[in-house]
Amino acid sequence: MIKAGIVGATGYAGAELIRLLLQRDDVKIVGFGSKSFVGESYSQVFRSMYKYADNICVNDNVSELSKKADIIFTATPQGFLAENIDDEVLANAKVIDLSADFRIKDVDVYEKWYKLEHKAKGLIEGAVYGLPELYRKEIKKARLIANPGCYPTCSILSLYPLLKHKLIDEKSIIIDAKSGTSGAGRSAKVDNLFCEVNENIKAYGIGSHRHTPEIEEQLSKAAGEDIVISFTPHLVPMMRGILVTAYAALKLGIGEEDIKNAYESEYANEKFIRLLRKNENAETRFVRGSNFVDIGYVTDKRTNRIVVTGAIDNLIKGAAGQAVQNMNLMFGIDEECGLKSLPMSI
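As the structure is a computational prediction, the values presented were derived from the model and not from experiment.

### Brief notes about helix 10 (residues 212-223)
Between its first and last C-alpha, helix 10 extends 16 Å over 12 residues, near the 16 Å set by a 1.5 Å rise per residue. For helix 10, every residue scored as buried is listed here: T212, P213, E214, I215, E216, E217, Q218, L219, S220, A222 and A223. Among the residues trailing helix 10, G224 stands out with phi positive, at a value near 80°.

### Quick word on the nonpolar core
One finds Y42 and F73 to be the most contacted residues of the largest nonpolar core, which totals 81 residues. Both domains that meet at this core, namely domain 1 (2-147 + 319-331) and domain 2 (151-312), each give it at least three residues. The residues contacting F73, other than those within four sequence positions of it, are A4, G5, I6, V7, L17, L21, I96, A323 and M327. V62, I72, L90 and A127 belong to the second-largest nonpolar core, a separate cluster that totals 21 residues.

### Focus: the pairing of strand 7 (residues 174-179)
In the sheet, strand 7 pairs with strand 9 (residues 230-235) via 6 bridges, with the strands oriented parallel. Paired with D176 across the strands is T232, a residue of strand 9. With 6 bridges joining them, strand 7 and strand 10 (residues 242-249) adopt antiparallel strand pairing. Across the sheet, I175 pairs through a bridge with A246, a residue of strand 10.

### Regarding the pattern of salt bridges
Evaluated as defined, the whole model comprises 20 salt bridges. Note that D313 and R240 form a salt bridge whose closest N and O atoms lie 2.9 Å from each other. With a gap of 73 residues between them, D313 in the loop between strand 13 (305-312) and helix 12 (316-330) and R240 in the loop between strand 9 and strand 10 connect regions that are remote in the sequence. Exposure remark for D313: the relative accessible area of 1% places this residue in the buried category. On the accessibility criterion, R240 (19% relative accessible area) is buried. One salt bridge in this structure joins D294 and R274, with 2.7 Å as the shortest N-O distance. Here R274 lies in strand 11 (residues 273-275) and D294 lies in strand 12 (residues 293-300), a separation of 20 residues in the sequence. For D294, a relative accessible area of 3% puts it in the buried group.

Conventions adopted
Along each chain, residues carry numbers from 1 onward, in the same order as the chain's sequence is written. Only residues with pLDDT of at least 70 are given local features in this predicted model, and only at 80 or more are side-chain atom pairs given and counted; all residues enter the totals for whole chains, interfaces and linings. As a convention, hydrogens and water are excluded, and side-chain values are obtained from all of the structure's heavy atoms. Working definition: helices are DSSP H or I runs of at least four residues, strands are E runs of at least two. Numbering for both runs from the N terminus. The length a helix should cover is 1.5 Å for every residue beyond the first. Any residue under 20% of the maximum accessible area for its type is buried, any over 50% is exposed, and the rest in between are partly exposed; the area is computed with a 1.4 Å probe on protein chains only. Residues grouped as a nonpolar core are buried Ala, Val, Leu, Ile, Met, Phe, Trp, Tyr and Cys residues, joined through side-chain atoms within 4.5 Å. Segment limits for the domains were obtained from an automatic or database-derived domain assignment. Throughout, a residue-residue contact means that at least one pair of heavy atoms, one from each residue, lies within 4.5 Å. Any two strands are treated as partners once DSSP identifies two or more bridges connecting them. One side-chain nitrogen of Lys or Arg within 4 Å of one carboxyl oxygen of Asp or Glu is enough to make a salt bridge.

As structure tokens, then:
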């Protein structure tokens, strides 16, 4: 029995973690941490959990939680875990952080983009980037996992084979990404009100979105050289889902067979990546509620470009589902355990 604690249990990602873990017979949740709802029953915050999670929410105390949990999930804002983690916490429990605190290895880059002083610089090097399809071996041995962001998960996996196999011009990458409103979190914000979002689509964070350096760092590792991308996210009027449309110029002489072989050599045996059939494009509705990543591509011979589409559920593969996938690896459990839910058809 794995004893799990969730800090930030009443946010959207935290709620998905609770939902996924409560369906397992091998996990017991020993802590429902929520700074905003201390003293309230979890099922009062989320009535869908009535009679399944009537536990009382407690304060977000990582140190105390580490004394009774085997693993701690922190679904918290940037900066929280870095201020509340130390060697003693990691000696007591494994930690999977859903914020950006340990995703970026260059602390100067983190502090520049997130405008925060990092309070646990000494732990950055030992943290493992939690993208199982790329770092499975390292995740199995890790004590601290930096769970990737939702935009980076979809963007990196969509482009990784092309860069690793040297099929595209590394300077030509443009990523156009769209997210449902749950990607912005549960906090009340004017920009996320129904009247602001409904029947509207908008670009935001153009040239300045904080996921940019995370994507660039991982794609640079794939390419073996520094990668700079143009990344533009958009907010669309739906609750959940990420759609990435990525553009890149193909190198001279690269054909369909080269591209197909690159994707299949990297992903043919991956349980959660579905390579779509020829000329099929990824759509968010076909991954909703699942841990799948759907990837499709079309080569535009007229412009000698490849257009790659990737889709995930931002709250599952983009957050909670990926965190559970990482937990399974860390405890030597079948990677699919607790994640076999198929996408919802409607």
